Amino acid sequence: MKVMIFGGTTEGREETAARLNAGDGVIACVTSEYARLLLPAGARAIARAMDEEEICAIMKGEAPDEVVDATHPFAVRVSENIRRAAARAGLRVRRIARANSANSAWTSDAEWVDSPEEAARALARTQGNILLTTGSHTLCVYARALPLERVYARVLPASNVLRLCEELKLPPGHVIAMQGPFPPALNGALYDALGIRVLLSKDSGEQGGVRDKVLPALERDIHVVMIRMPKEEAECAEKA
């Protein structure tokens, strides 16, 4: 069987490894060369961002027996492009969705928001050092809204991401280039070392390491601002 798997997530890598072990032919679609390096050996890889037209063309050319969408829960537009492209190519898509943290014990201790813009406004009302753990795609939103001397960003250790941090004029000592997720002890040590008083995270579920970020923060009386998982993803996870 030939399967096309979209996503540089943990679930995407696990699905790729499982299908390779089952003897399937795998085409793994990720958005960067860095994500390609994290894939299991033996998978064919397409490493670039693609719009609906490009995805459809590849699907028609490869004619996979199965399409799996294992992209990040916040990559709503990408998932929509995959669905539309697959429909045009006459293929069905299986979505690997993450559950959100709505039922976690700590949810009432966080401040919940719906967008990066709302998060930036919430952060502006706080005091002390802020650790952003929401990636580089929306970093400009926070760089525009907050004093940069308060902002620390944990981002992927990729050259294009580091260039972006430099362009946004983040101080070099405020850029933590690390590939997560991380255990609670490491997160706590980082909060202590940087004097963090406010943590920003996306609710990317247990697989995304949210609990392991939040609990050490709450133990240190760090204010947690959490961006809700997109409604479409949460509903998809409930149906799975």
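All of the points below concern the structure found in this document. (Residues numbered from 1 in each chain as written. Predicted model: local features only at pLDDT ≥ 70, side-chain atom pairs only at ≥ 80, totals over all residues. Heavy atoms only, no water.)

## Examining the overall build of the protein
Alright, step 1. Along its length, the protein carries 10 helices and 11 strands.
Alright, step 2. For 240 residues, the compact-globule estimate of 2.2 N^0.38 gives 18 Å, and the C-alpha radius of gyration of the protein, at 19 Å, lies within 12% of that figure.
Alright, step 3. Structurally, the protein occupies a C-alpha span of about 55 × 40 × 30 Å along its principal axes.
Alright, step 4. Looking at the 240 residues of the protein, the share that counts as buried comes to 48%.
Alright, step 5. A sequence separation of at least 24 residues applies to 62% of the contacts in the protein between residues at least 6 apart.
Alright, step 6. A total of about 11,900 Å² of accessible surface is found on the protein, and carbon and sulfur atoms cover 50% of it.
Alright, step 7. Distance between charge centroids for the protein: 2 Å, based on 30 positive and 32 negative side chains. (Helix = DSSP H or I, 4+ residues; strand = E, 2+ residues; numbered from the N terminus. Rg over C-alpha atoms; globule rule 2.2 N^0.38 Å. Buried < 20%, exposed > 50% of the residue type's maximum accessible area, 1.4 Å probe, protein only. Contact = heavy atoms within 4.5 Å. Areas by Shrake-Rupley, 256 points an atom, 1.4 Å probe, with all protein chains shown as cover. Lys, Arg positive; Asp, Glu negative; His and termini not counted. Charge placed at Lys NZ, Arg CZ, Asp CG, Glu CD.)

## Topic: unusual backbone geometry
The general pattern is negative phi for most residues beyond glycine and trans for most peptide bonds.
Alright, step 1. Here the amide bond leading from glycine 180 into proline 181 is cis, since omega sits at 0°, within 30 degrees of zero.
Alright, step 2. Structurally, proline 181 is set in the loop between β9 (175-177) and α8 (184-194).
Alright, step 3. With a phi close to 60°, aspartate 221 is a non-glycine residue in the positive phi region.
Alright, step 4. Classification of aspartate 221 by relative accessible area gives exposed; the value is 64%.

## What to know about the pattern of salt bridges
Alright, step 1. The final tally for this structure, using the stated rule, is 19 salt bridges.
Alright, step 2. A salt bridge links arginine 98 to glutamate 11, with the shortest nitrogen-to-oxygen separation between them at 2.5 Å. Here arginine 98 is found in the loop between β5 (93-95) and β6 (111-113), whereas its partner glutamate 11 is found in helix α1 (residues 10-21), with 87 residues between them in sequence.
Alright, step 3. The class for arginine 98 is buried, based on a relative accessible area of 8%.
Alright, step 4. By relative accessible area, which is 9% here, glutamate 11 ends up buried.
Alright, step 5. Among the ionic pairs, arginine 220 bridges to aspartate 192, the shortest N-O distance being 2.8 Å. A residue pair is termed long-range when its members are at least 10 positions apart, and arginine 220 in the loop between α9 (210-219) and β11 (223-227) and aspartate 192 in helix α8 qualify at 28 residues. (Salt bridge = Lys/Arg side-chain N within 4 Å of Asp/Glu carboxyl O.)

## Details of the state of the cysteines
Alright, step 1. As enumerated under the stated definition, the model contains 0 disulfides in all.
Alright, step 2. Here cysteine 56 stays unpaired: no disulfide links it, and the sulfur of cysteine 29, its closest cysteine neighbor, is 13 Å away.
Alright, step 3. Just so you know, cysteine 165 is unpaired, no disulfide at all, and the nearest cysteine sulfur is the one on cysteine 140, 11 Å from it.
Alright, step 4. A residue is classified by how much of its surface remains accessible, and cysteine 165, at 2% relative accessible area, is buried. (Disulfide = S-S within 2.5 Å.)

## What to know about the sheet that holds β6
Alright, step 1. Strand order in the open sheet formed by 6 strands is β6-β11-β10-β7-β8-β9, with parallel pairing between adjacent strands. Strands at the two margins of the open sheet, each flanked by one partner only, are β6 and β9. Within this sheet the neighbouring strands show an average axis-to-axis angle of 20°, counted without direction.
Alright, step 2. Examined bridge by bridge, β6 and β11 share 3 bridges and lie parallel to one another. Looking at β11, one finds that tryptophan 112 is bridged to methionine 226. (Pairing = 2+ DSSP bridges. Axes fitted to C-alpha atoms, helices over the stretch in contact; angles between N-to-C directions.)

## Let's talk about the sheet that holds strand β4 (residues 66-69)
Alright, step 1. One open sheet holds the 5 strands; their spatial order is β3-β2-β1-β4-β5, and the pairing between them is parallel. At either end of the open sheet lies a strand with only one pairing partner, and these are β3 (44-47) and β5. For this sheet, the mean inter-axis angle between neighbouring strands, taken without regard to orientation, is 20°.
Alright, step 2. Across 5 bridges, the pairing between strand β1 (residues 2-6) and strand β2 (residues 25-30) is parallel. Across the sheet, the residue bridging to phenylalanine 6 is cysteine 29, located in β2.
Alright, step 3. Strand contacts of α1: β1, β2, β4 and β5, with the helix running at about 170° to β1, the strand carrying the most contacts.

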